[in-house]
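Descriptive analysis of the structure
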Protein chains: 4
Amino acid sequence: MEKGTDFTNKNVTIGIIGMGRIGNVHYKNLKRISNVSIKYIADIIATDEWTAKYNEAQKIVTDYREILDDPEVQAVLICTPTDLHPEMTIAAAKAGKDIFCEKPVGFNDKDILEAFETVKKCNVKFEVGFNRRFDKNFRRIVDHRKNDDIGNEQILKITSRDPEPPSMDYVKRSGGIFMDMTIHDFDMARYITDAEVDQVYVAGNVMIDQKIGDAGDIDTAIITLQFKNGMMGVIDNSRQAVYGYDQRIELFGSKGMSKADNVLDSTTTFSGESDVSSDKPMFFFLQRYIDAYKTELESFLDAVRGNHEVECTFEDGIKAIRLAQAAKKSLDSGKPEKVQDI
Amino acid sequence: MEKGTDFTNKNVTIGIIGMGRIGNVHYKNLKRISNVSIKYIADIIATDEWTAKYNEAQKIVTDYREILDDPEVQAVLICTPTDLHPEMTIAAAKAGKDIFCEKPVGFNDKDILEAFETVKKCNVKFEVGFNRRFDKNFRRIVDHRKNDDIGNEQILKITSRDPEPPSMDYVKRSGGIFMDMTIHDFDMARYITDAEVDQVYVAGNVMIDQKIGDAGDIDTAIITLQFKNGMMGVIDNSRQAVYGYDQRIELFGSKGMSKADNVLDSTTTFSGESDVSSDKPMFFFLQRYIDAYKTELESFLDAVRGNHEVECTFEDGIKAIRLAQAAKKSLDSGKPEKVQDI
Amino acid sequence: MEKGTDFTNKNVTIGIIGMGRIGNVHYKNLKRISNVSIKYIADIIATDEWTAKYNEAQKIVTDYREILDDPEVQAVLICTPTDLHPEMTIAAAKAGKDIFCEKPVGFNDKDILEAFETVKKCNVKFEVGFNRRFDKNFRRIVDHRKNDDIGNEQILKITSRDPEPPSMDYVKRSGGIFMDMTIHDFDMARYITDAEVDQVYVAGNVMIDQKIGDAGDIDTAIITLQFKNGMMGVIDNSRQAVYGYDQRIELFGSKGMSKADNVLDSTTTFSGESDVSSDKPMFFFLQRYIDAYKTELESFLDAVRGNHEVECTFEDGIKAIRLAQAAKKSLDSGKPEKVQDI
Amino acid sequence: MEKGTDFTNKNVTIGIIGMGRIGNVHYKNLKRISNVSIKYIADIIATDEWTAKYNEAQKIVTDYREILDDPEVQAVLICTPTDLHPEMTIAAAKAGKDIFCEKPVGFNDKDILEAFETVKKCNVKFEVGFNRRFDKNFRRIVDHRKNDDIGNEQILKITSRDPEPPSMDYVKRSGGIFMDMTIHDFDMARYITDAEVDQVYVAGNVMIDQKIGDAGDIDTAIITLQFKNGMMGVIDNSRQAVYGYDQRIELFGSKGMSKADNVLDSTTTFSGESDVSSDKPMFFFLQRYIDAYKTELESFLDAVRGNHEVECTFEDGIKAIRLAQAAKKSLDSGKPEKVQDI
């Protein structure tokens, strides 16, 4: 995010569509960012009390189309359930708004591709919310790659384990572990390496909760990635690491290895008679990636201002889905499977 | 900060007096805190443009007494130069406002004690801004002490080194290294151990910049603390650690040792042909203690609400000054010196 | 290696067969071990000068059968090239000697199984030299598993990268990366988990030196393991990590994770203006595993004395080969392959 | 220890005088070193059984003067109680033997100086056994200093804490904590910095065992060092760190800081529900410094061979004693005290 001489910091007027957990995360971060006005918050369940609760926003509405009708609004954040993403993206693009859309960009291929085409045709900016791209630790790996410290990339390793499984309700409508959880890792695999995956092999199992298996999903997986450039990668996923949110990445190449370790609750250790103990990795993803979420929005706003290109494009959003689809196919077939193009 | 059953989260109306660097830090943090209204910002150089710049505040004034006259204001933050602290404290206390005052509480003993007495007589709350008490890493050491993991305290070690010396202008009006820089470490020595220091011995020298010596100050020091309970401590200070802001504490006792290490810029390492390299400690104190500053204000606001006692009292502010005074005396005499009571 | 009440420390008389690199390693370690006499060293190229060079040994011979003929000798160490292991094992077993044999136990399945049967029939002790089982760091993981700290095992990860590729001569007669290098990791996969592998999938490539590819081998691999008990594992191998010998293992389960990190050249770091640098992992396997080699021999000698069972059996040696064979098959077929039983 | 072109590796014939704990350490290490013959072991309590027990030695004697009378012996290791060091040093020097003498070089100033003069007059080599100088971790700090990575030295910090207090018998004849324990740290202060100490200030106390106080000694101390070149240092000592042998050093200067951390029992950690735990520092000094003791002897033997200068001289031995004497004086006077020259 080198800032050129034409860099502007002019005010951007936005609307937030959907005020669930992630909508609230973005709302709080926007309060910490200069030169952005939240003109609207839209949510179908919004009430009069929201005016006080979200006093940073000028107007609370229940119909997101009110936002799209307002010519003052430059950009919208789409934070609604996944199945609504394509339709809202299409409407926002047609209204000429720049779009920040939470991941994944949709569930249904046909809808996703229609939204993708509409965004291209309407020539609006579109960013997918893969927040981990904005984590400073992972960015340091990319710095090392860009700086040619790594040399030829050979092995990528991603450890990504949740602290605890989601509710069974959530599991059932999540689209499965690959579309819900691994999709972040698939995006990171492409972001960290700047390379495309050719085929995927999955060894997966239900090891944590049989109810997840009964719902047709798995909770533990090792995913091998074979890239088009010959390098290889592996992702290991678990829905439950009792010691916290385990998020590590290493990139190994001919000139060296860059490795991002977990962020711990504190740097403090205790040396006692039995052992030396330190704090665990931060437990909750919102806490772990609190700064990444803010940086993500700042980057999007700068893209809206025209200061740089969007850092995580619609294509990126679709390619992560293609990887998730290939993973599901491999789990079902028990064999490596090719990754489909857009 | 255990929150009891009577815990309230009612709104607190405040005014900020002085909008220099630290005033701005507090202003930004207040924007991230719920249930607090900034009714006033007072600064003798405030202009009309500040209304837009500090739009979270309702009124911008040049005379802080306007704030004190407003019965709606419950508390003030005093962020002006040190020599003004006592007079403003006295005025605010007489106006019945609770007070958060930046460190040190003053330069002149007579003024400080007058302010101290006035605060007691007026029965208002008073907190000194020793932000490091609110750093989560150092708090973990205190947790270990309170939890009796440490056993009998025996040795305290504080490493406190700045990334670069301040300007010579700043050095000249700083009150000297002990009053300006070590004062934080003196407060931490008392906070971490919950014990009082009996005598102080200083080995100090000018090793970084002769201009600091010409101004009658030193830039490097090792300070031995002998506590009333028999335990011992050592602080080492430097005005310039080229690798960043070096802030480490360890507390050693009969049952174990708790040790807080530096916070690094990232958790990412690079393993190359010559060595394994990791990021440096965060360079700047505002970045290093960004969360501590926010926690500090939250704690003060909760004290104003009556949820708990003030966590860093006027006595604490004075005792840190007494330690700085004893250190200066020891540097001059070349011998250990007793620490004066309040 | 709990030592029971019947523990004896009586002297053991041994002979070493083969004095190449690994024979010399064992010779030096034996000098540090009490209650063992090296009666013979046998090597086809031994000369009179060896008497002075290996003065710990009583006799230097060129024909290993001289050792087998001596009734005073209780045990032999077979340290010759792999293709000679089965024939020497059979001869030693028939002579009633306990046997320590370097890995792998042989190349040819028929010979290996004949040796295996002969050892069983002759009822002599037989230990395979998988030295990593005796590394104190990896043993701590096993301690944690045995202590039920891990809970149900779910994910095993082994990183195993050499500091530099062997000579092309060595590559050509090595039996391929799986039989030469990964065989250690296959043994560790079984040792760390105490579980058996059901099927193996390999993504492998030539990324370091095309000459290795020209010789029909690969130099980089990611190997997925699916265990019979449902858990999964992954091994990543590289013939060249420029930062040294990279040997890490982690075992993740329902109750926690145990992780062994690399052993560095020193614990010393340097914090400078650009970064904080630490020493690299130890470069050479003999240095990294110097203590493990000694512990391995001590354990074998204690097995010979009857103090405990052999810690790494002939079956273990064969099963590691079965894993290597399945890996080769998967690399060729591009699909996951079942692991054959003994 | 750069080895020049004239480097020789000829055999050295030695005798060990005194076979207590440290004599045994050296005996075991000598078995691992090439080109050295142990011709004699002398101990007043030696018995016939020692011939088998110490079978590496050719002769076991009770009178050390037998060793000195043998012209084949080039060098002796003096490992007897401290009060015998000067008399044995004098006898060995007069017999023309090179001398390795355990620390401290003596208790009584008059005897020490007589031995010192005799060694100079007889022109034999003399090395004091300050083993920590040969620890690879601390040597890395010296490497950084010599490489000018540190720049101008400003602050030295030595943490040196024993895992448990010695027996009261030992305490009583130890010469006090400074002469027995801190003497190593005093030597390290000079070795690490290559600078001389001007004055010393001690804050010391009895915090672990009142019986130590009753014997006229202390068990906990913070010792400030002021060097002739203006830099400062601090040593903190405790007779009891429940988590193991705590041996850390850091050297801070204008260009950076080098820091040697503890050596842990293993590199393995366990991440569980409550915390992440790692192994403790090695508990026992013989284990912690096992390699340093070997390197120390190798260096001495190379000095005997004429390959390099003695690395830890008689002067070094005396200067460490001068520092211990100044520390005792400061503890008694409560003031900083000058360090006497030889």
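For clarity, every value in this text was computed on a predicted model and none was experimentally measured.

Here the focus is the domain arrangement of chain A. Residues and elements named next belong to chain A. Domains assigned within chain A are domain 1 (12-124) and domain 2 (132-286 + 312-338). Inter-centroid distance (C-alpha atoms) of domain 1 to domain 2 is 28 Å. Domain 1 puts 14 residues into the contact, and the matching count from domain 2 is 17 residues. Between domain 1 and domain 2, a total of about 1,200 Å² is buried, with carbon and sulfur atoms accounting for 75% of that surface. Put simply, domain 1 and domain 2 have one salt bridge between them. Between Asp109 and Arg322 there is a salt bridge whose closest N-O contact spans 3.1 Å. Summed over the shared surface of domain 1 and domain 2, the result is three residue pairs in polar contact (both at pLDDT 80 or more). Its residues assigned to classes, the side of domain 1 that touches domain 2 comprises nine nonpolar, two polar and three charged.

Attention now goes to the pairing of strand β9 (residues 220-227) of chain D. Residues and elements named next belong to chain D. Of all eight residues making up β9, eight are buried, and the element is well covered by its neighbours. Across the two faces of β9 the burial is the same, with Thr220, Ile222, Thr224 and Gln226 and Ala221, Ile223, Leu225 and Phe227 all buried. As judged from the eight bridges shared by strand β8 (residues 197-205) and β9, these two strands associate in the antiparallel manner. The residue of β9 that forms the bridge with Val202 is Ile223.

This paragraph deals with the nonpolar core. Residues Ile14, Ile16, Ile99, Phe178, Ile192 and Val200 of chain D are the most contacted members of the largest nonpolar core, which totals 117 residues. Broken down by element, the residue count for this core peaks at ten residues, all from helix α8 (residues 177-193) of chain D. Non-local contacts of Ile16 of chain D, meaning those with residues more than four positions away in its chain, are made with Tyr27, Leu30, Ile38, Tyr40, Ile41, Ala42, Ile67, Leu77 and Cys79 of chain D. Of all hydrophobic cores here, the second largest spans 116 residues; its members include Ala241 of chain A together with Ile22, Ile90 and Phe134 of chain C.

Let us now look at the interface of chain C and chain D. On the chain D side, the residues contacting the 30 residues of chain C number 30 residues. Between chain C and chain D, roughly 2,200 Å² of surface is buried when both sides are summed, and carbon and sulfur atoms account for 46% of that area. For chain C, the biggest contributors to the area lost against chain D are Thr267, Thr268 and Phe270 of chain C; these three give 27% of the whole. Where chain C meets chain D, there are two salt bridges. Here Asp279 of chain C ties to Arg140 of chain D by a salt bridge, and the two come within 2.9 Å at their closest N and O atoms. Along the contact surface separating chain C from chain D lie 16 residue pairs in polar contact (both at pLDDT 80 or more). Elements that contribute at least two residues to the side of chain C that touches chain D include exactly α6 (136-146), β12 (256-260) and β13 (268-272) of chain C. For the side of chain C that touches chain D, a count of residues per class yields eight nonpolar, eleven polar and eleven charged. Pairing between β12 of chain C and strand β13 (residues 268-272) of chain D: five bridges, direction antiparallel. From the neighbouring strand, Ala260 of chain C faces β13 of chain D, where its bridge partner is Thr268 of chain D.

Attention shifts here to the sheet that holds strand β1 (residues 12-17) of chain D. All names here are of chain D. Strand order in the open sheet formed by six strands is β3-β2-β1-β4-β5-β6, with parallel pairing between adjacent strands. Edge positions in the sheet fall to β3 (59-61) and β6 (126-128), since each of these pairs with one other strand and no more. Averaged over all pairs of adjacent strands, the angle between their axes in this sheet comes to 20°, without regard to strand direction. In terms of strand pairing, β1 meets strand β2 (residues 36-42) through six bridges, oriented parallel. Across the sheet, residue Ile17 finds its bridge partner in β2, namely Ala42. Against the sheet, helix α4 (residues 85-94) makes contact with β1, β4 (75-78), β5 (98-101) and β6, and its axis sits at roughly 165° relative to β5, the strand it touches most.

Turning our eyes to something else, we now look at the packing of helix α6 (residues 136-146) of chain D against α8 of chain D. All names here are of chain D. For the pair α6 and α8, interaxial distance at closest approach is 8 Å and the crossing angle is 35°. Here Phe138, Arg139, Ile141, Val142 and Arg145 of α6 lie close against α8, whose contacting residues are Met188, Tyr191, Ile192 and Thr193. Tallied by class, the residues present in the contact of α6 with α8 amount to six nonpolar, one polar and two charged.

Residue and element names in this part refer to chain A. Enumeration over the complete set of coordinates arrives at 121 salt bridges over all chains. Of the charged contacts, one joins Arg140 and Asp143 as a salt bridge, the two residues approaching to 3.5 Å between their closest N and O atoms. Taken together, the residues Arg140 and Asp143, both in helix α6 (residues 136-146) and three residues apart, mark about one turn of the helix. Of the residues examined, Arg140 reaches a relative accessible area of 26% and is grouped as partly exposed. By relative accessible area, Asp143 is classed as partly exposed at 39%. Here the residues in one salt-bridge network are Arg133, Asp187, Arg190, Glu196, Asp316 and Lys319, joined through shared partners.

Burial analysis of helix α1 (residues 21-31) of chain A places nine of its eleven residues in the buried class, the great majority of the element. Three or more residues of α1 of chain A are buried, namely Ile22, Gly23, Asn24, Val25, His26, Tyr27, Asn29, Leu30 and Lys31 of chain A.

The subject of this paragraph is the sheet that holds strand β2 (residues 36-42) of chain A. Residue and element names in this part refer to chain A. With parallel pairing, the six strands of this open sheet are ordered in space as β3-β2-β1-β4-β5-β6. Because the sheet does not close on itself, it has two edges, and the strands there are β3 (59-61) and β6 (126-128). Here the strands of the sheet are splayed against their neighbours by 20° on average, with no regard to which way each runs.

Residues and elements named next belong to chain B. Relative to the helices and strands, Ala93 is located in helix α4 (residues 85-94). The exposure class assigned to Ala93 is buried, which follows from its relative accessible area of 2%. Measuring from C-alpha to C-alpha, the distance between Ala93 and Asp69 comes to 12 Å, with 24 residues separating the pair along the chain. Once residues within four sequence positions are removed from consideration, Ala93 is found in contact with Ile99, Thr118, Val119, Cys122 and Val124.

Between chain C and chain D, which share one sequence, the superposing operator has a rotation angle of 180° and an axial displacement of 0.0 Å; the RMSD is 0.0 Å. On the angle and the small slide along the axis, the relation comes out as a two-fold axis. Residue by residue, 100% of the interface of chain C is reproduced at the interface of chain D, so both copies engage with the same surface.

This part takes up the relation of the copies chain A and chain C. Superposing chain A onto chain C takes a rotation of 180° plus a shift of 0.0 Å along the axis, which leaves an RMSD of 0.1 Å. Looking at the interface residues of chain A, 100% of them are also at the interface in chain C, so both copies use one shared face.

We now examine the environment of Asp209 of chain B. Mapped onto the elements of the fold, Asp209 of chain B is located in the loop between β8 (197-205) and α9 (210-214). For the pair formed by Asp209 of chain B and Pro165 of chain B, sequence separation is 44 residues and the distance between their alpha carbons is 8.6 Å.

Right, let's get into unusual backbone geometry. Residue Lys103 of chain B is joined to Pro104 of chain B through a cis peptide bond whose omega torsion reads -10°. Mapped onto the fold, Pro104 of chain B is located in the loop between β5 (98-101) and α5 (109-122). Positive phi, close to 60°, is recorded for Asn35 of chain A, a residue that is not glycine. Mapped onto the elements of the fold, Asn35 of chain A is located in the loop between α1 and β2. Relative accessible area serves as the criterion here: at 31%, Asn35 of chain A is assigned to the partly exposed category.

Here we take up helix α12 (residues 314-333) of chain B. Residues and elements named next belong to chain B. End to end, α12 covers 29 Å across 20 residues, agreeing with the expected 28 Å (1.5 Å per residue, within 8%). The set of residues buried in α12 consists of Phe314, Asp316, Gly317, Ile318, Ala320, Ile321, Arg322, Leu323, Ala324, Ala326, Ala327 and Ser330. Next to the buried residues of α12 lie α4, α5, β6 (126-128), α8 (177-193), β8 and β15 (337-338). Of the residues flanking the end of α12, it is Gly334, one or two places downstream, whose phi is positive at about 75°.

This brings us to the state of the cysteines. Inspection of the entire model under this criterion finds zero disulfides over all chains. Free of any disulfide, Cys79 of chain B has its nearest neighbouring cysteine sulfur in Cys101 of chain B, separated by 8.3 Å.

Another aspect to go through is the interface of chain A and chain C. With 43 residues of chain A at the interface, the matching set in chain C holds 43 residues. Approximately 3,200 Å² of surface area, both sides summed, lies buried where chain A meets chain C, with 63% of it carried by carbon and sulfur atoms. For the chain A face of the interface with chain C, the top three residues by lost area are Met207, Ile222 and Met232 of chain A, together amounting to 18%. At the boundary of chain A and chain C, one finds six salt bridges. A salt bridge links Asp236 of chain A to Lys157 of chain C; its shortest N-O distance comes to 2.8 Å. On inspection of chain A and its partner chain C, the count reaches 15 residue pairs in polar contact (both at pLDDT 80 or more).

Conventions adopted
- Residues numbered from 1 in each chain as written.
- Chains lettered and ligands numbered in written order.
- Predicted model: local features only at pLDDT ≥ 70, side-chain atom pairs only at ≥ 80, totals over all residues.
- Heavy atoms only, no water.
- Domains from an automatic or database assignment.
- Contact = heavy atoms within 4.5 Å.
- Buried area = accessible area lost by both parts, 1.4 Å probe.
- Salt bridge = Lys/Arg side-chain N within 4 Å of Asp/Glu carboxyl O.
- Polar contact = N/O pair within 3.5 Å; in protein donor to acceptor, adjacent residues only side chain to side chain.
- Nonpolar A, V, L, I, M, F, W, Y, C, P; charged D, E, K, R; others polar.
- Buried < 20%, exposed > 50% of the residue type's maximum accessible area, 1.4 Å probe, protein only.
- Helix = DSSP H or I, 4+ residues; strand = E, 2+ residues; numbered from the N terminus.
- Pairing = 2+ DSSP bridges.
- Core = buried A, V, L, I, M, F, W, Y, C linked by side-chain atoms within 4.5 Å.
- Axes fitted to C-alpha atoms, helices over the stretch in contact; angles between N-to-C directions.
- Least-squares fit on C-alpha atoms with pLDDT ≥ 70 in both.
- Expected span 1.5 Å × (residues − 1).
- Disulfide = S-S within 2.5 Å.

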